[in-house]
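So the chains spell out like this:
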Amino acid sequence: MLLDYLLHGMTQLFALDMLLLMCTGVAIGLFIGAMPGLTVTLGVALVLPFTFGLDSLSGIILLTGVYCAGTYAGAITAILINTPGTPSSVTTAWDGYPLTNQGKAPDALRLALYASVIGGLISGVFLILLSPQLAKIALKFGPPEMFALTFLGLTVIARVSGSSPIKGLISAAAGLLFATVGIDLISGVPRFSFGMNFLNAGLGVIPACIGLFAIAEVFHQIEKRNKIFIPEIPESSSKINEVSWRLLLKHKMLLMKSSLIGVGVGAIPGTGGSVASFIAYDEAKRASKNPELFGKGSYEGLMASESSNNGITGGSLIPTFTLGIPGTSSAAIFLGALMIHGLTPGPDLFRFQGELIYTVFLGFFIVNIIMLFLGSIASKWAISLLKIPNSILYPVVLAFCIIGGYAITGTLTGVGVSLFFGVIGYLMLKNGYPPAPMVIALILGPKVEESLRQSLILSSGDFSIFFTRPISVFFIILVALTTLIPIIRNLKLSKNFKKNTKN
Amino acid sequence: MLVILYKYAPSICTALIGLAIFILVPFQIDLSHMRGSNLSGVDARTLPYLLSFSIIFLSLLEIILINRKKTKESNANKKPQYLNMLRVCITFLSIVLWILLVPIIGFIISMIILLAFVMMVMGNRKILQLILVPVITSVLLNYIFTTFLGRTLPTGIFF
């Protein structure tokens, strides 16, 4: 069955138009990821409106290209100018930039690319192997389990996004509130429509994503007006090519371990690439024979960071496709894209859209291979791209945001909603509220409410239904732990601080 | 006093927003037309009530937990740059104006004006760039959306 699906996928993906589409996605991802300030999430959100005119497979494949390549491309600026293009490339800069200073920039770039591709491919294998199994388990979930699981996903996301768990929870609660806008699907009652008809259909996830991630970033850059400082890059001093497949083979266990860390962390909703790369980097340093080289230009550090970083891509898509719970904010936009293209993420996706989903998985592999070729070209052009002034780049990004907001609804209300969320996102950024929980809550909101109400209909309003089913109880205990532990810890810290100041 | 307000302002604002939503719920969710028994005990108002209450509760908790030392340090470093914030406000207003003008003058012209304006707000004063970038971006986007993706963009009195 699986083989049939994969063979079918191959026939579709090796068509010229699909290959061109994948190359386009990878090229866009490389460009966006390499520009400091433009994140992968922003890239996926901006490209999404361009998929409306495409069929669902082409649209999702295009986004896959942007996602994978954008995640890698953050390494280019991290290595060349010590400015990580994405937050998950911070650890890449720790060893990549010292290597550049040693005149080994081409080696570092090549190694980062190889490690990223390996991480991406390994995560692709797990995506194919684990997703159907998880989907089978998810089929056994009833409304109480689904409610407990989505609720767990939300609390984890809120807990780990940003520096303050409480701000994360406020962001998630606000996202759930925004999700209630529109006609209530169970009772048919309009909610928070303020007499405006367009609000009866809800606020829309994609305009919200465009606003929160892209317009907010444009406002932020307008406020900062920072210019990127491009330092002089020392000429390559390595006479022989130090980075070869032999080096990769020598460190195959490190690459495997780091990629697996990426897959594992990516599959946990909300944890994100930066967490994975920190864990992988730390683990690589612990296990290394030369830990003293870490931070001074270690190939091992660079490989660990990049392979875990791209291991996230496949990992985060596992819960997205199987449970409808996104692993990262980029995956959340993926989820929105699936819905827009008429696909319902979750176990049914594998039952009724098997051909399409396995073709996407196969596309994930091809995209990573394309990235191997285009990535090496991009690294040569990266410095020229960085010379694009912010006063050109961000107005163009703004134009994409506006047209994206318009394309979703076909009316100017979409632009208005994007702008509304842009202002909210900007204020959130300024005050330390993470936008990711809000987006994910917006997406999961209807599912949370629906499963809650269905569960209570089943139990005639008895809340004990959530505490009598083992899977549901397990998830609820996890919710309690992830919510209460940081709050109690903060309260203790606050008490200690008061004691210290008194003394 | 101002420093204290600055420190607590975001949490106070979120608490007030939560309170406003809590008060708005019965006015914005009309259940008077609902008939029959509610089996679940949860209706269309339950989640908004719960969430707005959570926002109030969490905001108050945040106010209690604010780490004084940290905020004092960050306030010392952070000086609000009003001119830069004004630039953001101007950009916001220009997008609002774009929304109002686009049905009259059409997508291409309005986008050219908006882009050139935002570029100027961001400090670009090079005439060639101020002309070329908005024109190329607007025409290209219009072409991609209308020709390749089959979407119609607003046209005004000109085109």
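Residues numbered from 1 in each chain as written. Chains lettered and ligands numbered in written order. Predicted model: local features only at pLDDT ≥ 70, side-chain atom pairs only at ≥ 80, totals over all residues. Heavy atoms only, no water.

1. Things to note about the overall build of chain A
For chain A, the count of helices and strands is 21 helices and two strands. Scaling as 2.2 N^0.38, a compact globule of 503 residues should have a C-alpha radius of gyration of about 23 Å, and chain A matches this with 23 Å. If you line up chain A on its principal axes, its C-alpha atoms span 75 × 70 × 45 Å. Put simply, chain A has 503 residues, and 62% of those count as buried. Long-range pairs, those at least 24 residues apart, make up 79% of the contacts in chain A with a sequence separation of at least 6. (Helix = DSSP H or I, 4+ residues; strand = E, 2+ residues; numbered from the N terminus. Rg over C-alpha atoms; globule rule 2.2 N^0.38 Å. Buried < 20%, exposed > 50% of the residue type's maximum accessible area, 1.4 Å probe, protein only. Contact = heavy atoms within 4.5 Å.)

2. Topic: the packing of aromatic side chains
Residues and elements named next belong to chain A. In total, this model carries 22 aromatic pairs over all chains according to the counting rule given. For the ring pair Phe141 and Phe475, a centre distance of 6.0 Å and an interplane angle of 75° mean the geometry is edge-to-face. Highlighted residues: Phe141 in the loop between helix H6 (105-138) and helix H7 (143-160) and Phe475 in helix H21 (residues 470-502), separated in sequence by 334 residues. Of the two residues examined, Phe141 and Phe475, each falls in the buried class. When the ring of Tyr358 is compared with that of Phe361, the centres are 5.7 Å apart and the planes differ by 85°; the resulting orientation is edge-to-face. Taken together, the positions of Tyr358 and Phe361, both in helix H16 (residues 354-386) and three residues apart, correspond to about one turn of that helix. A relative accessible area of 7% places Tyr358 in the buried class. When its relative accessible area of 1% is taken as the criterion, Phe361 is described as buried. Members of the aromatic cluster, joined through ring pairs, are Tyr5, Phe321, Phe350, Tyr358 and Phe361. The positively charged end of Lys167 is found above the aromatic ring belonging to Tyr433, 5.1 Å away from the centroid. (Phe/Tyr/Trp six-rings, centres within 6.5 Å; stacked < 30°, edge-to-face > 60°. Lys NZ or Arg CZ within 6 Å of the ring centre and 35° of its normal.)

3. Overview of helix H14 (residues 329-340) of chain A
Residues and elements named next belong to chain A. Helix length check: H14, at twelve residues, gives a terminal C-alpha distance of 17 Å against a target of 16 Å (1.5 Å per residue), a fit within 8%. Where H14 is concerned, the buried positions are Ser329, Ser330, Ala331, Ala332, Ile333, Phe334, Leu335, Gly336, Ala337 and Leu338. Each element contacted by the buried residues of H14 is listed here: helix H3 (40-47), helix H4 (56-81), helix H9 (205-224), helix H13 (299-323) and helix H19 (435-458). Following H14 by one or two positions, Gly342 adopts a phi angle in the positive range, close to 80°. (Expected span 1.5 Å × (residues − 1).)

4. Here we look at the side chain of Ser11 of chain B
Along the chain, the position of Ser11 of chain B falls in helix H1 (residues 2-28). When near neighbours in sequence (up to four residues on either side) are disregarded, Ser11 of chain B contacts Tyr433 of chain A together with Ser59, Glu62, Ile63 and Ile66 of chain B.

5. Structural notes on the interface of chain A and chain B
Taken together, the contact pairs 62 residues of chain A with 64 residues of chain B. Taking both sides of the interface into account, the surface hidden between chain A and chain B amounts to around 5600 Å²; carbon and sulfur atoms contribute 80%. For the pair chain A and chain B, the interface holds zero salt bridges. Remark: the boundary between chain A and chain B carries five residue pairs in polar contact (both at pLDDT 80 or more). Mapped onto the side of chain A that touches chain B, the elements with two or more residues apiece are helix H8 (165-179), strand E2 (190-191), H9, helix H17 (390-409), helix H18 (412-430), H19 and H21 of chain A. In terms of residues, the side of chain A that touches chain B owes the most to one element, H17 of chain A, which gives 14 residues. (Buried area = accessible area lost by both parts, 1.4 Å probe. Salt bridge = Lys/Arg side-chain N within 4 Å of Asp/Glu carboxyl O. Polar contact = N/O pair within 3.5 Å; in protein donor to acceptor, adjacent residues only side chain to side chain.)

6. Focus: the confidence of the model for chain B
Do not read the fine detail of predicted coordinates wherever pLDDT is low. Mean pLDDT over chain B works out to 85, with 83% of the residues at or above the 70 mark. For chain B, per-element mean pLDDT is lowest for helix H3 (residues 68-77) of chain B, which scores 50, and highest for helix H5 (residues 107-121) of chain B, which scores 94. (pLDDT = per-residue confidence, 0-100.)

7. Comments concerning the packing of H6 of chain A against helix H11 (residues 252-267) of chain A
Residues and elements named next belong to chain A. Between H6 and H11, the least distance of the axes is 9 Å, while the angle of their chain directions is 55°. As summarised for this structure, H6 and H11 are arranged oblique, according to the angle between their axes. Between H6 and H11 lies a crossing whose hand is right-handed. Of the residues in H11, those touching H6 at Ala115, Ile118, Gly119, Ile122, Ser123 and Phe126 are Leu255, Met256, Ser259, Leu260 and Val263. Split by residue class, the contact of H6 with H11 holds eight nonpolar, three polar and no charged. (Axes fitted to C-alpha atoms, helices over the stretch in contact; angles between N-to-C directions. Parallel < 35°, antiparallel > 145°, perpendicular 65-115°, else oblique. Left-handed = near helix turned anticlockwise from the far one by under 90°. Nonpolar A, V, L, I, M, F, W, Y, C, P; charged D, E, K, R; others polar.)

8. Quick notes on the UniProt feature "transmembrane region" (unreviewed entry) in chain B
Here the UniProt-annotated "transmembrane region" (unreviewed entry) positions come out as residues 12-29, 49-67, 88-121 and 127-145 of chain B. As annotated, residues 12-29 of chain B has a helix share of 94% and a strand share of 0%, and its two end C-alpha atoms lie 25 Å apart. (UniProt positions renumbered as here; feature names shortened; annotations may be inferred.)

9. A look at the pattern of salt bridges
Two side chains with opposite charge may pair up if their charged atoms get near one another. All names here are of chain A. Summed over the entire model, instances satisfying the criterion amount to ten salt bridges over all chains. Residue Asp184 pairs with Arg453 through a salt bridge whose shortest N-O separation is 3.0 Å. Note that Asp184 is positioned in the loop between strand E1 (182-183) and E2 and Arg453 in helix H19, a separation of 269 residues in sequence. Judged by relative accessible area, which is 3%, Asp184 ranks as buried. For Arg453, a relative accessible area of 3% puts it in the buried group. The shortest N-O distance in the salt bridge between Glu283 and Arg286 comes to 2.7 Å. Residue Glu283 and its partner Arg286 are located together in helix H12 (residues 272-287), separated by three residues, close to a single helical turn. A single network of salt bridges, built from pairs that share partners, joins Asp184, Arg191, Glu449 and Arg453.

10. A look at the nonpolar core
Core analysis: the biggest nonpolar cluster contains 199 residues, and Tyr72, Ile76, Phe321 and Phe421 of chain A together with Trp98 of chain B have the highest contact counts within it. Filtering out sequence-adjacent residues up to four positions away, Trp98 of chain B remains in contact with Ile402, Leu412 and Val415 of chain A together with Phe107, Ser110, Met111 and Leu114 of chain B. In this structure, Ile392 and Val396 of chain A together with Met119 and Leu130 of chain B belong to the second largest nonpolar core, which totals five residues. (Core = buried A, V, L, I, M, F, W, Y, C linked by side-chain atoms within 4.5 Å.)

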